[in-house]
Amino acid sequence: MLCDTGTPMIHIKARSSPYPGSQVKRFPVHNDKVRWSREWAEYDPVDYTAEIVKSGPEWADPDFRDSRRLKHVPRFNALDGVINRRSYLGAYDLDKDNLPRNPMGRTGMISRGLLGKWGPNHAADPIVTRWKREGGGKVIHKLSGKPILQFISIERKDCKQWAIPGGMVDAGEQLSATLKREFGEEALNSLKLPGPEKVRMRKQFRAIFSKENAVKIYTGYVDDPRNTDNAWMETQAVNFHDDAGDSVGDLNLHAGDDAGDVQWFDIDQNLQLYASHTGFLKMVVELRDAHW
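These numbers come from a predicted model, not from an experiment. (Residues numbered from 1 in each chain as written. Predicted model: local features only at pLDDT ≥ 70, side-chain atom pairs only at ≥ 80, totals over all residues. Heavy atoms only, no water.)

Peer 1: Quick question: what am I supposed to make of the packing of aromatic side chains here?
Peer 2: Think of a pair of aromatic rings as described by two things: how far the centres are apart, and how the planes are tilted against each other in angle. Taken as a whole, this structure holds 12 aromatic pairs when the rule is applied. Pairing tyrosine 19 with tyrosine 48 gives two aromatic rings, centres 5.5 Å apart and planes at 65°, and the pair type is edge-to-face. Linking tyrosine 19 in the segment before strand S1 (46-49) with tyrosine 48 in strand S1, this pair joins segments that are 29 residues apart in sequence. For the pair tyrosine 19 and tyrosine 48, a shared accessibility class is recorded, and that class is buried. (Phe/Tyr/Trp six-rings, centres within 6.5 Å; stacked < 30°, edge-to-face > 60°. Helix = DSSP H or I, 4+ residues; strand = E, 2+ residues; numbered from the N terminus. Buried < 20%, exposed > 50% of the residue type's maximum accessible area, 1.4 Å probe, protein only.)

This is how it looks when you write it as structure tokens:
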């Protein structure tokens, strides 16, 4: 089941300054100048790539503008070896330097910022939910008359914002594997669990992350503060819901990897989360007919 919305969006967080992890400010872009179809001769975006990306880690592309560093010509809008350079939004345009152009419009910055790949950078966001319960029954909100849904949230170490415990899809990795890995690394700190605990966790994972229990909530562009004109985030958000409360609710939560803290949050319209995550939760609420 896919719950994507067909409403065109104008990215907001992708135009925010300063850029994450820096004091670099973007060239200001007003709402009416975001679309590439709007001519704007004065547009002068800031050129910025973080030092960690420039250092050449294995997860990052080289600077394709430097022909001396190229081992092969990248295949944009295609599966480039094990790297998926295709966008969930369809074919994207290339700019005058033959580099990908953000399909959602201007951001006030060119190059890659903190993102490793030119073009789409694919992520996976597992939204693990349960019903809030007291005395064995669901808690009903007094105003809406609907049951309250809870989700597992992590506090990002880089910006101290609460978020869905997702992460990047590794080259050649299946989405289902990413969902399990990222949830385990960020929410359960699986990398540091002793042997018996890992065995028990795998059994719970099989129940929670089964294909039968997976519901695709969103597939597409993410309004992420790391986006640039040439590199942007895309994701598949998938809901794994424990309706009976007898598997997810039994998990011991320990923050790990990129997470500073982890806990169950009640879902409502007042949540302020990282990137587009609040919108993903609203889709889950509508799917489960829960309080918002």
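Peer 1: Hey, could you run me through the side chain of arginine 15 in this one?
Peer 2: Tracing the backbone through its elements, the reader meets arginine 15 in the segment before S1. Of the side chains with opposite charge, aspartate 223 comes closest to the buried, unpaired arginine 15, at an N-O distance of 6.9 Å. At 2.7 Å, the side chain of arginine 15 and the backbone oxygen of histidine 11 are in polar contact. For arginine 15, the contacting residues outside a window of four places in its chain are Ile10, Arg26, Val29, His30, Asn31, Val34, Arg106 and Thr107. (Lys, Arg positive; Asp, Glu negative; His and termini not counted. Salt bridge = Lys/Arg side-chain N within 4 Å of Asp/Glu carboxyl O. Polar contact = N/O pair within 3.5 Å; in protein donor to acceptor, adjacent residues only side chain to side chain. Contact = heavy atoms within 4.5 Å.)

Peer 1: Any chance you could explain a positive patch on the surface here in plain terms?
Peer 2: On the surface, a cluster of positive charge is made up of Lys180, Arg202, Lys203, Arg206 and Lys211. Looking at which element gives the most residues to the positive patch, the answer is helix H3 (residues 195-208), with 3 residues. With respect to the secondary-structure elements, arginine 202 resides in helix H3. Owing to a relative accessible area of 48%, arginine 202 belongs among the partly exposed residues under this scheme. (Patch = residues over 30% accessible without salt bridge, like charges linked within 9 Å, V, L, I, M, F, W, Y side chains within 5 Å. Areas by Shrake-Rupley, 256 points an atom, 1.4 Å probe, with all protein chains shown as cover. Charge placed at Lys NZ, Arg CZ, Asp CG, Glu CD.)

Peer 1: Sorry, what's going on with the side chain of serine 22 here?
Peer 2: With respect to the helices and strands, the residue serine 22 is situated in the segment before S1. In this structure serine 22 comes out as buried when scored by relative accessible area, which is 14%. At 2.9 Å, the side chain of serine 22 and the backbone oxygen of tyrosine 19 are in polar contact.

Peer 1: Hey, could you run me through the nonpolar core in this one?
Peer 2: Looking at soluble globular proteins, one finds that nonpolar side chains tend to be buried together. Judged by nonpolar contacts, the single largest core of 54 residues is most densely connected at Val128, Phe151 and Ile152. If one sorts the elements of this core by residue count, strand S12 (residues 231-242) sits on top with 6 residues. With residues up to four places along the chain from it excluded, the contact list for valine 128 reads Gln150, Phe151, Ile152, Phe183, Phe209, Phe240, Val248 and Trp264. If you look at the next biggest cluster of nonpolar residues, it comprises 6 residues, including Ala50, Val53, Ala60 and Met109. (Core = buried A, V, L, I, M, F, W, Y, C linked by side-chain atoms within 4.5 Å.)

Peer 1: Explain the pattern of salt bridges here, please?
Peer 2: A full pass over the atoms with the stated rule returns 15 salt bridges. Here lysine 54 makes a salt bridge to glutamate 51, at a shortest N to O gap of 3.7 Å. Here lysine 54 pairs with glutamate 51, and both are found in helix H1 (residues 51-54), just 3 residues apart, close to one helical turn. Using a relative accessible area of 47% as the deciding quantity, one classes lysine 54 as partly exposed. In this structure glutamate 51 comes out as exposed when scored by relative accessible area, which is 59%. Its salt-bridge partner being arginine 156, residue aspartate 158 comes within 2.6 Å of it at the nearest N-O pair. Counted as one network, the salt bridges with shared partners bring together Asp47, Asp63 and Arg65.

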